[in-house]
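Results of the structural survey
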Amino acid sequence: MTGFWIGLGIVLVIIVVLVMYGIGIYNSLIALAERYKNSFSQIEVQLKRRYDLIPNLVDTAKGYMQHESETLENVIRARNAASGAMQAASAAPGDAAAMQGLMGAESALAGAMSKFSVVMEAYPDLKANQNMMQLSEELTSTENKVAFARQGYNDAVTAYNVARQNFPAIAFASMFGHPENAELLEFKDSALFQEAPKVSF
Amino acid sequence: MDFFQQQDQARKNSKRLIILFVLAVLGVILSVYLLLSVAVTGYNTSMADGRKSIDLIALLTNWQTLLMVGGGTLLLVGGASTYRMSSLRGGGQVVAASLGGRPLQQSTTDRDERRVLNVVEEMAIASGIPVPPVFLLDEDGINAFAAGYSTQDAVIGVTRGCVQTMTRDELQGVIAHEFSHILNGDMRMNIRLIGYIYGIMAIGFIGWQVFRIALYSGRGRRSSKDSNPIPLIAIGGGLIAIGAIGVFFGNWIKASISRQREFLADASAVQFTRNPLGISGALMQIGASPVHGEIKNPSAPEFSHMYFASGVTSMFSGMFSTHPPLEKRILRIQPHWDGKFPNRRTRKPAELANDSKKEKSETRKRKIAKGVTILAGIEAIGQPTPSHLSLAHKLIAEIPEVIKEAARNPYGARAVLYSLLLNHEPTARQQQLAQLRKNADRGLAEMTEAVAAQVSKLDAQHRLPLVDMTLGALKSLSPTQYNNFRANLDVLIKADNKIELFEWVIVRVIHHHLGPPDRSRPKYHRLENLTSQCNMLLSLLAWAGHGNPAEVQSAFDAGAQVLHIPGLNLVPRAQINLTKLGDALDILDHVEMGLKKSLITSCAQCIVADHQVTPSEIELMRAIADSFGCPMPPLLPSSP
């Protein structure tokens, strides 16, 4: 008789322990996923700010660079593409395709911007323009913030990926709705106005 | 009732709660035992073809079985409760995340979001706690909640419906209500409640499992004579029923405690804002809205007792509602209310220009004379008044926009704190900046320099509120970033080879709020064994604010008198250092609430002994109160 009770007790305890353990893994994965998604929204705020600044920059430059309209158009096009890519990414932060898209668009934008800054070297008046100086300073500080927020995001993604791949979490991760690693976000640090590229002839 | 009594009261309530809970668990154990006994007897009876092999009465009186069942049930309920509470240890962020909340960015440009953040910021500065992160729930219902373990990890949540329909006054009432939950120690109790009920629910859960196993085995091995699924099905069903009954009583306990705390929070909200129209208006809006306070998230019921208004409609109103009826709450605030809800408002009425204008004129109306009473500050711990609110509003308004913008995002918040630590002496300052350029993130040194130019113009009384503002943003640093930040703080402080009092205060406050939270219970109920710690604390205060030895001694005596314990002696200046003070404060943090009040009072007496209170003494005082977990509002200038 006692044997039955002990058996039942042991089975119950084992069930409880297993279930609790599973719930623990489930919850911690959710919490970590939540954290990296939140970190992405920090990047988003700064990127948005940057995408707002770029048209102002181009407008200011237009008056001085009539003959460089192609460069300016490239910047605007790259900016629009990056803005679109960011919206896609913010709908699904951590998703590999969306993140790759954002990285690609960002590097195209960085390319267009660096071309712009090379061209700008030829217009000392523009460089001395008060409005231009202010805008470029703000752009630089926004880029610093993007880099910082990106670091925070990557830390959170790494923590999530590590937790997901640990044993025994890896065995349940797909079942719990975490089938894939989240994607890190790496931008080529554009650092536009910090070190203007040297042009050699 | 002051802050300390409220905290004690909350603890007493928790004790009552535990007793009720233990009774509920005992009831559950007995029912489980009864159920299993009957099931086993039935099983044996059917096996033995009608011959009664085991007497039900004999089995029921078998204490060994009782012990076994009792132990098992206790283990299960206790384990599940502990588990649930530990999963909520992450604090308010976890609760907000499980309700689907999205943290509001301090740098938001949305006007409604900005307004909530401003109201929360003012309320936090007015009550002297770091600005808590605000989460937005994407729900149409009008509701709000505060969650967390202590002021260190508190968060505020608001629904979109709430943000969009409320006027600023109403919003202020709602936020004040939530702050009262934070300051009255309700949040800790809320988390306990969730844990306990989860524990009882686990029994029902096990019941479901047994039920399913029984059905499965019944289908799979129908031919085998040994397995008769009926008892297992009965056991499963019974456990489900017991779980349900347990949850029934659990929810009843939860509701009865929660309703009292809601009335208290409403009353406190009126006290904080002295504007009954704000909170009653908010309640009326909830009544008028077709969705009321509904929160649709599937996890909503578990947190039902945390909301501003009932977020979940329950079948049995009255006994099980975690909130008193809206009408009753409004009538307590406005006894002459006619019982009619106003017309439904879908969006808040256009308020005259931006809301700060109206308040500014209010601030101006209040006469603010010179002079400071630090003792009144102790009364205000946990109970900010409208004067504190308007002072907070004024302080925030006086801080230049550049600094505020920096303080509100995690990138710039670090620059603000670094700039507070910069030396006034140019060479030392350059050295510090050089260190920052080397170790800190790109562009941060330049930003620090730019911010410092503004920060140095600030009054001393802005400094701690500014630190409080940065703490909210700094909470979103990743662990790596936080460690780097702490390392840089240390470098800045040690650059001149001496630690100033204010530098120590900043590090103390930051470590207390951003470091790992300490949640141990009060360990000391008497101060007698802690004389050396009390000596260190009072001696430092005495030496910090007084010049000649006679004054120091009399200041020390003034403080020591309050404590009523023998063996207090002034520590010589040479033996005092801030590390020892930090250690002493860590130990004194473990005394019970009533004793903390005497400690804080004695510190204040020590400071005012010479009738002169310097800004650095005020900062020190607030840092000490803060490390005791007693948020002290900024001191009101008052007439002498």
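So, how was this worked out
Residues numbered from 1 in each chain as written. Chains lettered and ligands numbered in written order. Predicted model: local features only at pLDDT ≥ 70, side-chain atom pairs only at ≥ 80, totals over all residues. Helix = DSSP H or I, 4+ residues; strand = E, 2+ residues; numbered from the N terminus. Buried ≥ 20, exposed ≤ 12 C-beta atoms within 10 Å, placed from the backbone. Contact = placed C-beta atoms within 7 Å. Expected span 1.5 Å × (residues − 1). Nonpolar A, V, L, I, M, F, W, Y, C, P; charged D, E, K, R; others polar. Pairing = 2+ DSSP bridges. Axes fitted to C-alpha atoms, helices over the stretch in contact; angles between N-to-C directions. Core = buried A, V, L, I, M, F, W, Y, C linked by C-beta atoms within 7 Å. Domains from an automatic or database assignment. pLDDT = per-residue confidence, 0-100.

**Describing the overall build of chain B**
Secondary structure summary: chain B contains 26 helices and 4 strands in total. When each of the 640 residues of chain B is scored for burial, the buried share is 47%. Taking the contacts inside chain B whose residues are at least 6 apart along the sequence as the reference set, 79% of them involve residues at least 24 apart.

**Quick notes on helix α7 (residues 168–183) of chain B**
Taking 1.5 Å of rise per residue, 16 residues should cover 22 Å, and α7 of chain B covers 22 Å from first to last C-alpha, within 8% of that figure. Taken from the residues just after α7 of chain B, G185 of chain B is the one with a positive phi, measuring 75°.

**Points about the interface of chain A and chain B**
Taken together, the contacts link 24 residues of chain A with 27 residues of chain B. Only α1 (2–62) and α5 (130–165) of chain A provide two or more residues apiece to the side of chain A that touches chain B. Among the elements that make up the side of chain A that touches chain B, the one with the highest residue count is α1 of chain A (14 residues). Residues of the side of chain A that touches chain B, tallied by class, amount to 11 nonpolar, 10 polar and 3 charged.

**A closer look at the pairing of strand β2 (residues 134–137) of chain B**
Residue and element names in this part refer to chain B. By the alternation rule, side chains of β2 split into V134 and L136 and F135 and L137, which are all buried. Here strand β1 (residues 101–103) runs beside β2; their pairing, made up of 3 bridges, is antiparallel. In the sheet register, P103 faces β2, and the bridge partner there is F135. The sheet contact formed by β2 and strand β4 (residues 155–159) spans 4 bridges and is parallel. The residue bridging L137 from the neighbouring strand is T159, located in β4.

**Notes on the sheet that holds β4 of chain B**
Residues and elements named next belong to chain B. The 4 strands are arranged β1-β2-β4-β3 in an open sheet whose pairing can be described as mixed. Since the sheet does not close on itself, it has two edges, and those belong to β1 and β3 (144–147), each with one partner. Along the sheet, successive strands turn relative to each other by an average axial angle of 25°, direction set aside. α7 rests against β3 and β4 of the sheet, and its axis sits at about 25° to β3.

**Thoughts on the environment of L514 of chain B**
All names here are of chain B. Along the chain, L514 turns up in helix α21 (residues 501–514). Expressed as a C-alpha distance, the spacing of L514 and F272, which sit 242 residues apart in the sequence, is 27 Å. With residues near it in sequence (within four places) discarded, L514 still touches L471, L474, K475 and Y482.

**Quick word on the nonpolar core**
Inside soluble globular proteins, nonpolar side chains tend to come together where they are buried. In terms of nonpolar packing, the biggest core is built from 172 residues, with V120, V416 and C603 of chain B touching the most fellow members. Among the elements that take part in this core, helix α8 (residues 186–220) of chain B stands out by supplying 16 residues, more than any other. Those residues within four positions of V120 of chain B in sequence are excluded, and the remaining contacts are V131, P132, V134, I156 and I175 of chain B. Among the nonpolar cores identified, the runner-up in size contains 35 residues, and M86, L109, A149 and Y153 of chain A belong to it.

**Let's talk about the domain arrangement of chain B**
Taken domain by domain, chain B consists of domain 1 (3–89 + 189–249), domain 2 (93–188 + 265–333), domain 3 (360–367 + 378–514) and domain 4 (528–627). Taking only C-alpha atoms into account, the centre of domain 2 of chain B sits 38 Å from that of domain 4 of chain B.

**Overview of the confidence of the model for chain A**
Residue and element names in this part refer to chain A. Here chain A shows a mean pLDDT of 82. Residues at 70 or above account for 92%. Within chain A, no element has a lower average pLDDT than helix α6 (residues 169–173), which sits at 80, and none a higher one than helix α2 (residues 69–91), at 89. Low pLDDT, under 50, characterises residues 191–201; the predicted model gives this stretch 17 contacts beyond four residues in sequence or across chains.

**What to know about helix α3 (residues 96–120) of chain A**
Residue and element names in this part refer to chain A. Along its 25 residues, α3 runs 36 Å from first to last C-alpha, staying within 8% of the 36 Å computed at 1.5 Å per residue. Along α3, the residues that are buried comprise M99, L102, A105, E106, L109, A112, M113, F116 and M120. The secondary structure elements touched by the buried residues of α3 are α2 and α4 (124–128).

**Considerations on the confidence of the model for chain B**
Residue and element names in this part refer to chain B. Here chain B shows a mean pLDDT of 78. Residues at 70 or above account for 85%. Least confident of the elements in chain B is helix α12 (residues 356–365), whose mean pLDDT is 40; most confident is β4, at 92. Between residues 221–225, whose pLDDT stays under 50, and residues either more than four places distant or in other chains, the model counts 1 contact. Counting interchain partners and residues more than four positions distant, the pLDDT-below-50 stretch residues 352–371 has 20 contacts. Complex prediction metrics read pTM 0.75 and ipTM 0.79.

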